[in-house]
Structures are given as structure tokens and as C-alpha cells.
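Descriptive structure summary
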Amino acid sequence: MSLRSLTLACCSLTALALPVCAAAPHAAAATHHHSSGSKSAQAPASGAQPEPDDMIVAVVNSIPLTKRDVDNRGKLFALSTGLPVSDDLMARLRPQIIRQMIDEKLRTQEILSRHINIAPEQIAAAIGNIEKRNGMPAGTLRNHLAKDGVSLTTLIDQLRVQIGWIQVLRQELGPRSRVSAGDIAQRQAALKREEGRTEYEISEIFVKVDDPRHAEEELAFTNTVIDELRKGAPFPIVAAQFSQSQTALDGGSMGWVQEDELDPSVVDIVRRMPVGIGAVSNPITVPGGFLIVTLNGKRVVGKEIGHMVDIRQAFVAFDTPLDPQHVTPQQEAALQKAMHISQTTHSCPEMEAANRGEGEKRPSNPGELPLERLNPQMQSVLAELPIGQVSRPMVSREGIDLLMVCSKSEKNFSNRSPSEIADQLMNERVEQAARQLDSDLHRRAMIDLRVKLKGA
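Residues numbered from 1 in each chain as written. Predicted model: local features only at pLDDT ≥ 70, side-chain atom pairs only at ≥ 80, totals over all residues. Heavy atoms only, no water.

**Overview of the state of the cysteines**
Taken as a whole, this structure holds one disulfide when the rule is applied. Put simply, Cys348 and Cys406 are joined by a disulfide, and their sulfur atoms are 1.8 Å apart. Looking along the S-S bond of the Cys348-Cys406 disulfide, the torsion reads about -120°, which is the left-handed sense. Highlighted residues: Cys348 in helix 13 (residues 348-357) and Cys406 in strand 11 (residues 399-412), separated in sequence by 58 residues. (Disulfide = S-S within 2.5 Å. Helix = DSSP H or I, 4+ residues; strand = E, 2+ residues; numbered from the N terminus.)

**A word on the pattern of salt bridges**
Taken as a whole and judged by the stated rule, the model has 25 salt bridges. Residues Glu110 and Arg114 are paired through a salt bridge, measuring 2.7 Å at the closest nitrogen-oxygen approach. Taking the relative accessible area as the measure of exposure, Glu110 reaches 11% and is therefore buried. A salt bridge links Arg444 to Glu110, with the shortest nitrogen-to-oxygen separation between them at 3.9 Å. One end of the pair, Arg444, is in helix 15 (residues 418-444); the other, Glu110, is in helix 4 (residues 87-113), with 334 residues separating them in the sequence. We classify Arg444 as exposed; its relative accessible area is 54%. Because the salt bridges share partners, they merge into one network encompassing Glu110, Arg114, Glu172 and Arg444. (Salt bridge = Lys/Arg side-chain N within 4 Å of Asp/Glu carboxyl O. Buried < 20%, exposed > 50% of the residue type's maximum accessible area, 1.4 Å probe, protein only.)

**What about the pairing of strand 3 (residues 63-66)?**
Regular strands show a simple pattern: their side chains alternate between the two faces of the sheet. Two strands pair when backbone bridges link them, and strand 2 (residues 56-60) and strand 3 are joined in this way by four bridges, in the antiparallel orientation. Its bridge partner lying in strand 3, Val59 is registered against Pro64. Hairpin geometry of strand 2 and strand 3 is characterised by an intervening segment of two residues between the two adjacent antiparallel strands and by a positive phi of about 50° at Asn61. (Pairing = 2+ DSSP bridges.)

**Thoughts on the environment of Ala354**
Here Ala354 lies in helix 13. Apart from the residues lying within four places of it in its own chain, the contact partners of Ala354 are Ala314 and Ile341. (Contact = heavy atoms within 4.5 Å.)

**Quick notes on the confidence of the model for the protein**
In the predicted model, the protein carries a mean pLDDT of 80, and the fraction of residues at 70 or more is 84%. Here residues 1-46 scores under 50 on pLDDT; set against residues more than four positions off or in separate chains, the count is 151 contacts. (pLDDT = per-residue confidence, 0-100.)

**Looking at the packing of aromatic side chains**
Scanning all chains against the criterion turns up one aromatic pair. With 5.4 Å between their ring centres and 75° between their planes, Phe221 and Phe242 make a pair best called edge-to-face. Placement of the pair is Phe221 in helix 9 (residues 216-231) and Phe242 in helix 10 (residues 235-242), with a sequence separation of 21 residues. Comparing Phe221 with Phe242, the two get one shared label, buried. (Phe/Tyr/Trp six-rings, centres within 6.5 Å; stacked < 30°, edge-to-face > 60°.)

Shown next, in the form of C-alpha cells:
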């Protein structure tokens, strides 16, 4: 079967460059970090000369981690969120970046010890996916990152670790990587008994705390992340880069969970949170660290009636990104073509033919979509669109999209399909395996920190 947590792991990586955004400012000097079993030295005193880029901030089992490595990762974060990031913010993020990169060093060493090879084709495919998701021509991501002061190697290193870690987890799970029909039936029976209870669709960012007696730095980092989320940083991208839960592989999504699956302190928060408006919680203290959550949905088990729409689309692409102040002749011609399609197309097969005539730059048949779970703009377009009628042209930087509804139907969304149940069961197993393996790697590691960290 397809393992959602494993096969979607690269979602976090393709999300890294979702916004095409402005350059991030250079990061400031390295500050603090902590890790069990490590040695520490004082950081340079205030007023000292700036540390060189090749300054070693930590040595992980004899492998150095430099200030340049950490600053490049910070720039990549700035680029991926699309937010202006100040030197002060980068100084507050840097301790957690160091923690994350120490974890990655340990994971890399585990990947190598298992003789897992990441083929160049896998890296190239992941980079190509990033470019495709951003509407970028193939092969242009390197220049895009360089323009913003980020080496492509920084992204490749992160891609390599996450792709390799997927394979490590597959090995760890072994026979448990298969969810049996009996497992699914058992969970279905349990859900049946839960009808009438409330469940929540939640996304999370988990910040691990190694020593609860000295959690000031982790709490400060958690508050910094919350500030950036409330300024508009995309939750899935931040979760993908900084959450230390395995749900980071799926942009922080926990899927649908019931109250007895959550820590009581989380239940207390989500009961009072508004639904689906991007509200972000304050730090929630849970076993092992701090949690940030956002509530995407809320429903009663067995009673969530929604609507499915089966649609077709035709996409007329622009040769160059649209600048509304300087519309090119090709873009004007594209609009005329889109208007012609709108006026002469009256069925879903004709819509598919029109899209094929434009090179099928986007899929003719996106499949059935849950209307209530689409973004508000798409809902407004599709909810009142009569079957067999072309929508108004929807213009973006990349081109013009036309939609047609082929059918509408009702669906009880609370009835989880066997594949959805299998995904949830596998997510739980992957999370448990990942946490145990990460803990084992830290316990066996020799980590020599060259910066002073609170609690170290």
C-alpha cells in the first residue's frame, strides 16, 4: 500500500519554495543550542569581531556543522515563507536551526550506516517538483535561490536527508509497514462506536524540549514561530521545516482526531478555537515539549454531510508571467482564446478536448473535489455554477483557467474510507518509530557544541 507519511514526505520539501518571494537578509552570528551529552564553550563576547562563516558551531560524531551551514538554512526559511526576516529574528531562530541540523547530521549518518543510496534522479525529481509547483521553468531554481543568497546545496542536503530518512523508516517498520484488513476493520468498528462524538482536523508544530528544567530557549523559539505564523507565514511550510513531529512530513497535518487521542491541554484549547480561519494557538505544554496548533475543521462523528463536485478544466498558458501594467500581445491573444472556449464549449468532453488543444498544461480532469474544503474563491465559483456551463475566466500570473462542473453529489465526509484509515494507522506507527529512532541516535551520539546554550 501507499504509506501516506512516507510517500508524502517530500511534500515538506516541495513546499519549501512555494512562494516566489523577495530576498532574505543575511543572518546574524550564531548564538545558542543545547543537546544531551554535549560539551559547551562560551560564545564570543558582545562587541567581538563577527565570526567567520567557516566557524564550527558543533561537531556531531566527528562531522562539523559550520556557521555558514546554519545561516544558509535560515535564508532558505526566509525565502520559503516569503516574509521579510530581520537579523533579530534570525538570531532567535538560529538555536532551533542548529538543533534541527544536528538531528539531520545524525539522520544522515544513520542513512550512510545502512548503505542507503539516494540516487541523483531522486534529488532531480524533487527539485523538478518544486519548480513545477511554483510555475518555474525547469532548471531555473538554482538561479532563483542564488539571487536570494541561498546555495542550491542547502536545499539538496535537506532533500537528501528527508528522502533517505523515508527509507530508514521503511526498514525500521519492516512487517509493520503493512496495514492488514483486520487492522482497518478494528478501527472502523471503533469509529462506529464513537458516532455522535466531536472530532477535530488539526495541524501541529511540535518543539521538542530535552530538559524541562531549562526550557526557556525552546519557549522563546515557539513564541517566535507563533509571531511569524500570525504575520502570514504558511503553517505547512513552517511545520515542514521546524516541527520535530513526524507530521512535519505532511505539513503538520494530524488529520481527523478525537479528543481521547489528544493531550488534555490540547483538547482544552481546540474546544475554544475558531475553525478554518488560520487561528494559531499560544504555546501548549505537552509531554516532551511545546505544541502549536491550528484548527482546520470540526465535526460530529457520523454526521458531516458535504458536497462533491466533478469538474473539468481548460488552461490557457502565458508565455511569460503576467504583469498587469504591461500586458503582452500573447497574453491578450490568450484572453481572446479563453473567451472563445467559454462561449463555444458546452460539455465536459468538449472541455477536455479544449484543454488538450492547449497542451494540457494542467490536468483536464482534476477529479471529484469536496466543495466545502476548497478555498473560498473556488467555492464561490463552483457552488453556483450550473452543470455543463463554463466558469468566468480566472486569471493568474501563469495563465487563464476555465472550469466546468460535470456533476454534483452529497457525501458524508465523516465516513472514512479504508485507505484513509490505513493512512492514519500508518502515520501512528511511523511517528512512534521515528521518535524512538531519533531518541536512540541522540543517546549514542557524541555531540560537541562550540556555542553556549541554556541548559546545556
